[in-house]
Amino acid sequence: MTEKKRMTALRLHKALYPIWRNDPGWKGVLTTVNNNTIGNMFILGATGMFLAGGILAMLIRAQLASPRSAFMGPEIYNQIFTMHGTIMMFLFAIPFFEALTVFLLPGMLGTRDLAFPRLSSYGFWCYMIGSTIMIVALVAGVAPDGGWFMYPPLSSSAYSSGINTDIWLLGISFIEISAIGAAVEVVVTVLRYRAVGMSLDKLPIFAWYMLVVAVMILTAFPPMILGSLILELERAFDMPFFQAEHGGDSLLWQHLFWLFGHPEVYIIFLPAAGVISMVLPVMARTTLLGYGWVVAAAISLAVLSFGLWVHHMFTTGIPHMGLAFFSAVSTLVAVPTGVQIFAWIGTLWKGRPEMHLPMLWILGFFVTFVMGGLTGVMVAMVPFDWQAHDSYFVVAHLHYVLIGGYVFPMIAGIYYWMPVLTGRKRFFRMGETAFWLVMVGFHGTFLLLHWAGLLGMRRRIDTVEAGSGWESINLLASISGFVLAIGFGLVILDVAVNAFVAVRGPRNPWKAGTLEWATPIPGPSYNVASIPVISSRYPLHDNPDLPVQIARGEGFLAWPDRNRRETLAVSISRGEPEFISVFPKNTIVPFVMAVVTSVMFMAPVFKWYWLMFIAAAGVTVLALVWAWANGSRRDEGLLDAGRGVSLPPHTEVAYKPGWWGSLFLLLADSVLFGSLLFGYAFLWTVAPNWPPPRILQPGILGPVLALAGVALASSGIRLGDRAIREDGAPWRGLLASLAGLAALGAAAATVFAGTTYNAHAYDATLWVIAGYVIFHAGLAGLMVLFLLCRIGTGYVSARRFGDARVVRLWIDYAVLTAALGLGAAWLPGVLP
Amino acid sequence: MTDILRISVPITVWIAAFSAVYGLEGVICSDLWRGAGLSLGQGRGALVATWVAAIALQVALLVALRSRRFASPHPWVQRLATILGCVALVATVWSLMPVATTSLCL
Ligand code: HEM
Ligand SMILES: [Cu+2]
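Model, not experiment: these values are computed from the prediction. (Residues numbered from 1 in each chain as written. Chains lettered and ligands numbered in written order. Predicted model: local features only at pLDDT ≥ 70, side-chain atom pairs only at ≥ 80, totals over all residues. Heavy atoms only, no water.)

Asker: Residue-level account of a nonpolar patch on the surface, with values.
Answerer: All names here are of chain A. Nonpolar side chains collect at one region of the surface, where F427, F428, F500 and V501 lie side by side and expose about 450 Å² of accessible area between them. Inspection of the secondary structure puts F428 in the loop between α13 (392-422) and α14 (430-454). The exposure class assigned to F428 is partly exposed, which follows from its relative accessible area of 35%. (Patch = residues over 30% accessible without salt bridge, like charges linked within 9 Å, V, L, I, M, F, W, Y side chains within 5 Å. Areas by Shrake-Rupley, 256 points an atom, 1.4 Å probe, with all protein chains shown as cover. Salt bridge = Lys/Arg side-chain N within 4 Å of Asp/Glu carboxyl O. Helix = DSSP H or I, 4+ residues; strand = E, 2+ residues; numbered from the N terminus. Buried < 20%, exposed > 50% of the residue type's maximum accessible area, 1.4 Å probe, protein only.)

Written out as structure tokens, the structure is:
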């Protein structure tokens, strides 16, 4: 850079910095909405949970080292292994890749932040508070103890009467909010917030993977959230969803859990694959082979994995044909997995691999993951599974896949992106030692445990019986386990030491081609000083000057003349500039809302329902405050976006970011609703003690209200929307839709009147369906009221009708689900 | 958005058909089916018919995604959509084949 150019870059930095920076001091931690800050805190939090889960693993291995070393009784042991599994899966594995994504994605895409910065903050705080609650429960000795998949009837109140199980069900559901929030955010960011010219075929491959993973989270978590919810309803109010005497079926839980649980395996693996697909080509000094095929493989793998859940239930006596379907899909998933592995091998082949530390971890991944895949094929064979089910063979297999397939690639990623994270160059070389300790320790532990499993050692036992023939294996496995733990500890120490004391490093030390390396390191709060224009997948390879051009403001939206946080939204396919998105300022609302939400989820554990309702009201008020802060009271028209292009602000487009966010949130919601209808049909066809003794008769009133509600609600909002756009009076239409929503709610209430919530699983299910309808009608109604206030205070105009479109979407959803849900509830009553 | 649909619809139709067939098999093997006076032979017929219909739908989608009217203007997306359409077709044929080859309700 010449002196003059450097001056321009510095001036631009000085203009952007005050607008985008965090509040000073501790307050900044609570009010930040910046993806770099939140990403950093998130990574630290998830690492902390890895440590906690690891300590529990060490307790397990100490207990099982020999018959004489046992020091805890079964009550404690059950809590320990349940919490080990729960922490590792829900509080470490998923949050850790989310954290990395929050941190890296905007930089990779060449944009300034994630689509919904306040949602990042809310999700992060929900995660931190929820994790803290789980750890406190563990220390207080009331941690869940039913195994990480919580099968009823073991987890029903008859067998688990304490609050342990409630803490799991409500705590994990609460933490899931952060996963759903992050997923919505990632989808909208990848689709709409990118560098100009970044068409779908030029996305960095990690962004494709995360897009796929985010959609998977939105479709896989809802069944489990539903399962947790109805199990909690059964425990609290005796609604018999899982009790066979009253028409329930504990298999329903297994279906709902594994509908989530199997895709979960891929939700964890795909981000790791995304990291490998970014790091490996750079280490091999080349580009990824077969980009399009890798994208196709990731998408196929994601969808195919939803056709696999029953393979965890091979031993539950499902008919042969059912098993055959799932075995068939199990063989199919091998194909896209193979495509990915071959793309990586081909990439290595065509490049000139260099043995840096990230590469070492990737090689560790290859070896371990292939072995885990082999044992996976073994347990996917139905007859073998009948043998190995619930033995240490499965424990060993699952750690090969989880540690080899997830933890190793993530460590590779951390070392690879360390310059972006910390701005420093690795200096201390503990990393290599740590790598070898982990390798030796890992295989020493888990290779041996396969053997113990084949010798008949069951999982989840709290002592190794003397004379069982497994003692020496377990002793060796425990010793190796400690070596493994020391290895992981050294990795964390190495990263920490380097983060604090190593020397500052140059930008882009690996000579990578993607945009996260185009910013100064560590990245400034606004990520890019101007939104770059690119024309290939590896913009830094075609144009090594790009970082300088970005810093000098030669891209879009460089000089912040309007003195607010702005970034560019682009078209989905081609990445052409579409509108200017204005981001929120620093705010404490998300943090407060996370605290109040945690009260809402935790109050029922102690049966303080009054508190739950107060907290729910609090969340509603905060959500309204949140939504209110967004928007403008005047038409701005086309604004200068730089480079001679003029664009509207997001308040003046029909489908604003909030609409897109709502769309994908409703995708998750519709899966939840679908799972509910599935549960209803499942119980009806499979559960014992059906049909129910008393079937609801629809009568006249309910259906008439429902029909009127459907017609009024959906036509009313349309009239209102048209009136807004034509500068007319929207009141009439909106009030009509409000009346329609009320009618829908009333129609659903007739279902309550005709059933007894705890009489039979049928009644209980109808109550949940009706409750769902009322909740959504109420939510949509609240939005209509909100919209009326917005109109009254001048936030809505003929150009600024985006709010109305968001409300229309929610009303349409409420109407559709009410029609389907009430139809399903009344159907049996009208059939002959 | 249309490009996203081009990419995602065929494979989503596969998972829908897969779930539908699995559910149908559950119904056929339950008391409801017998209660309605239907035989297992008719059940097999219904399953095979669903399978064939799902295959036909996948073929139709694949043809549509290559037609001038529905294909993506973006060649890369068109190719991706075609690959995924083929994946969905193969998955439909293969994963539902047991309806014709395996014993029902045992
Ligand atoms: C740090 C090294 C680790 C060691 C030594 C270790 C050890 C163990 C052992 C011995 C069990 C069996 C407990 C029993 O059945 O009684 C177990 C269970 C489990 N582990 Fe690990 N583990 C480690 C890391 C991880 C990681 C990183 C994950 C996930 C990302 C994980 C996920 C699980 C799960 C899901 C279970 C099943 C829990 C249950 O049965 O409910 N583990 N672990
Ligand atoms: Cu599985």
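Asker: Please give an account of the pattern of salt bridges that cites residues and values.
Answerer: Applying the stated criterion to the full structure yields 19 salt bridges over all chains. With a closest N to O distance of 2.7 Å, K656 of chain A and D803 of chain A form a salt bridge. Pair noted here: K656 of chain A is in the loop between β4 (646-647) and α20 (657-686) and D803 of chain A is in helix α24 (residues 802-830), with a separation of 147 residues, a long-range link. Comparing K656 of chain A with D803 of chain A, the two get one shared label, buried. Here D3 of chain B ties to R6 of chain B by a salt bridge, and the two come within 2.7 Å at their closest N and O atoms. Of this pair, D3 of chain B and R6 of chain B both sit in helix α1 (residues 2-28), separated by three residues, roughly a single helical turn. A relative accessible area of 16% means that R6 of chain B is categorised as buried. Where salt bridges share partners, they join R562, R564, E566, R634 and E636 of chain A into one cluster.

Asker: Provide a residue-level description of the site of ligand 1, including the pertinent values.
Answerer: Residues and elements named next belong to chain A. Near ligand 1 lie 23 residues; those nearest to it are Y77, H84, W148, H399 and R460. Measuring from an oxygen atom of ligand 1, one finds a side-chain N or O atom of R459 at 3.0 Å. Counting residues per element, the shell around ligand 1 draws most heavily on α13, at seven residues. Here the shell around ligand 1 is built from residues that sort into 16 nonpolar, four polar and three charged. (Near = heavy atom within 4 Å. Polar contact = N/O pair within 3.5 Å; in protein donor to acceptor, adjacent residues only side chain to side chain. Nonpolar A, V, L, I, M, F, W, Y, C, P; charged D, E, K, R; others polar.)

Asker: I'd like a rundown of empty space enclosed by the protein, residues and numbers included.
Answerer: Gaps left between atoms show up when a probe the size of a water molecule is rolled over them. All names here are of chain A. Throughout the structure, instances matching the rule amount to nine cavities of 30 Å³ or more. By volume, the largest cavity is sized at about 90 Å³. The wall of the largest cavity is formed by N36, F103, L104, G107, V420, E516, T519, G523 and N527. Looking at the lining of the largest cavity, the element that brings in the most residues is helix α4 (residues 74-109), giving three residues. Here the residues of the lining of the largest cavity sort into three nonpolar, five polar and one charged. Of the volumes computed, that of the second largest cavity is approximately 70 Å³. (1 Å grid on protein atoms, 1.4 Å probe; cavity = no way out; pocket = protein on both sides within 12 Å on 5 of 7 lines; lining within 4 Å. Points joined across faces, edges and corners; volume = space filled by probe spheres on them.)

Asker: Hey, could you go over the nonpolar core for me, with residue numbers and the actual values?
Answerer: One finds W208, W344, W361, Y406 and W417 of chain A to be the most contacted residues of the largest nonpolar core, which totals 305 residues. Discounting chain neighbours no more than four positions away, the residues touching W417 of chain A are L100, L104, M108, V275, M278, V279, E516 and W517 of chain A. (Core = buried A, V, L, I, M, F, W, Y, C linked by side-chain atoms within 4.5 Å. Contact = heavy atoms within 4.5 Å.)

Asker: Go over unusual backbone geometry with me, naming the residues and quoting the values.
Answerer: Residue and element names in this part refer to chain A. In this structure, the amide linkage connecting W690 to the following residue, P691, adopts the cis form with an omega of -5°. Within the element layout of this structure, P691 appears in the loop between α20 and α21 (701-725). Phi is positive for N527, which is not a glycine, with a value near 60°. Structurally, the position occupied by N527 is in the loop between α15 (471-501) and α16 (539-542).

Asker: Give me the environment of E354 of chain A: which residues, what numbers.
Answerer: With respect to the helices, strands and loops of the structure, E354 of chain A is situated in the loop between α10 (320-350) and α11 (357-380). Residues in contact with E354 of chain A, not counting those within four places in the same chain, are M283, R285 and M359 of chain A.

Asker: How would you sum up the coordination of the iron atom of ligand 1? Please name residues and give values.
Answerer: All names here are of chain A. Only H84 (NE2) and H399 (NE2) from the protein coordinate the iron atom of ligand 1, and they sit 1.9 to 2.0 Å from it. In this structure, the iron atom of ligand 1 is surrounded by six donor atoms whose angles at the metal cover 88 to 179°, and the resulting shape is octahedral. Linking H84 in helix α4 with H399 in helix α13, this pair joins segments that are 315 residues apart in sequence. Residue classification places H84 among the buried positions, given a relative accessible area of 14%. (Donors = N, O, S within 2.8 Å, 3.2 Å for Na, K, Ca; no water. Tetrahedral: all angles 85-135°; square planar, octahedral: opposite > 155°, others 65-115°.)

Asker: Describe the packing of aromatic side chains, naming the residues involved and giving the relevant values.
Answerer: Residue and element names in this part refer to chain A. On inspection of all chains with the given rule, the structure shows 56 aromatic pairs over all chains. Ring geometry for F50 and F488: centres 5.2 Å apart, planes at 80°, overall edge-to-face. A residue pair is termed long-range when its members are at least 10 positions apart, and F50 in helix α3 (residues 35-64) and F488 in helix α15 qualify at 438 residues. F50 sits in the buried class, given a relative accessible area of 14%. (Phe/Tyr/Trp six-rings, centres within 6.5 Å; stacked < 30°, edge-to-face > 60°.)

Asker: Can you break down the UniProt feature "transmembrane region" (unreviewed entry) in chain B residue by residue, with the values?
Answerer: All names here are of chain B. Under the feature "transmembrane region" (unreviewed entry), the UniProt entry names residues 12-33, 45-65 and 77-97. The distance from the first to the last C-alpha atom of residues 12-33 is 28 Å, and the span holds 91% helix and 0% strand. Here residues 77-97 is 90% helix and 0% strand, with 30 Å between the C-alpha atoms at its ends. (UniProt positions renumbered as here; feature names shortened; annotations may be inferred.)

Asker: Any chance you could break down the environment of D545 of chain A for me, citing the residues and the numbers?
Answerer: The residue D545 of chain A is located in the loop between α16 and α17 (546-551) in this model. Distance from D545 of chain A to A518 of chain A, taken between C-alpha atoms, is 9.3 Å for residues 27 residues apart in sequence.

Asker: Tell me about the packing of α3 of chain A against α13 of chain A, and name the residues and values.
Answerer: Residue and element names in this part refer to chain A. As a packed pair, α3 and α13 sit with axes 14 Å apart at the nearest point and diverge in direction by 145°. Once α3 is placed against α13, the crossing between them reads as left-handed. Where α3 abuts α13, its residues N40, I43, F50, R61 and L64 lie against Y392, V407 and L421. Looking at the contact of α3 with α13 residue by residue, the class counts come to six nonpolar, one polar and one charged. (Axes fitted to C-alpha atoms, helices over the stretch in contact; angles between N-to-C directions. Left-handed = near helix turned anticlockwise from the far one by under 90°.)

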